[in-house]
Amino acid sequence: QVQLVESGGGLVQAGGSLRLSCAASGRASFNYAMGWFRQAPGKEREFVAAKGTWSGGATTYADSVKGRFTISRDNAKNTVFLQMNSLKPEDTAVYYCAAATSTVGVTTTPQYWGQGTQVTVSS
């Protein structure tokens, strides 16, 4: 089992930046691909970004965040980050950290989820 805990959410003005962190714990947590999803009220949960299990692993981004968000991970600390720049009100959502045993899986059907952290972008 893998436990995921997000942090770093908050209130920011449009054009600002936030960095989300997701700390993973549990047996062999470093072997999991990690990703981020988000969900706004009344909307489906949306894929945001993913990072493979290995150092230098491939990254995947949703078109809506390309060029603005960057996913990275620190395997030594079992932590994945989401650097969010040029934030827009449309980015307002609860952001969830996710994990899976494959990069493909984490983009579609993650096996583990964090509890989420709220990101609110004001105009």
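Residues numbered from 1 in each chain as written. Predicted model: local features only at pLDDT ≥ 70, side-chain atom pairs only at ≥ 80, totals over all residues. Heavy atoms only, no water.

J.: I keep staring at the pairing of strand β5 (residues 46-51) and nothing clicks. Help me out?
T.: The side chains of a regular strand alternate between both faces of the sheet. Within β5, five of the six residues are buried, leaving the element largely enclosed by the surrounding structure. With five bridges joining them, strand β4 (residues 33-39) and β5 adopt antiparallel strand pairing. Its bridge partner being in β5, F37 is matched across the sheet by F47. Hairpin connection from β4 to β5: six residues lie between these consecutive antiparallel strands, with G42 at a positive phi of about 80°. Pairing of β5 with strand β6 (residues 59-61) involves three bridges; the strand directions are antiparallel. Residue pairing across strands places A49 opposite Y61, the latter belonging to β6. (Buried < 20%, exposed > 50% of the residue type's maximum accessible area, 1.4 Å probe, protein only. Helix = DSSP H or I, 4+ residues; strand = E, 2+ residues; numbered from the N terminus. Pairing = 2+ DSSP bridges.)

J.: Explain the nonpolar core here, please?
T.: One broad rule of soluble globular proteins: the nonpolar side chains tend to lie buried together. L4, M34, W36, L82, M84 and Y95 are the most contacted members of the largest nonpolar core, which totals 36 residues. Elements that contribute at least two residues to this core include exactly β3 (18-25), β4, β5, β7 (69-74), β8 (79-84), β9 (93-100) and β11 (117-122). For this core, the element with the highest residue contribution is β9, accounting for six residues. (Core = buried A, V, L, I, M, F, W, Y, C linked by side-chain atoms within 4.5 Å.)

J.: I would appreciate a short explanation of the sheet that holds β8 in the present structure.
T.: To summarise the sheet geometry, strands pair through backbone hydrogen bonds and adopt either a parallel or an antiparallel arrangement. Within the open sheet, the four strands sit side by side as β1-β3-β8-β7. Their pairing is antiparallel. The open sheet has two edge strands, β1 (3-7) and β7, and neither has a second partner. Adjacent strand axes in the sheet meet at a mean angle of 15° when their direction is disregarded. Here β3 pairs with β8 via six bridges, running antiparallel. For R19, the partnering residue across the bridge sits in β8 and is Q83. (Axes fitted to C-alpha atoms, helices over the stretch in contact; angles between N-to-C directions.)

Don't take any of this as a statement about function, it's just geometry.
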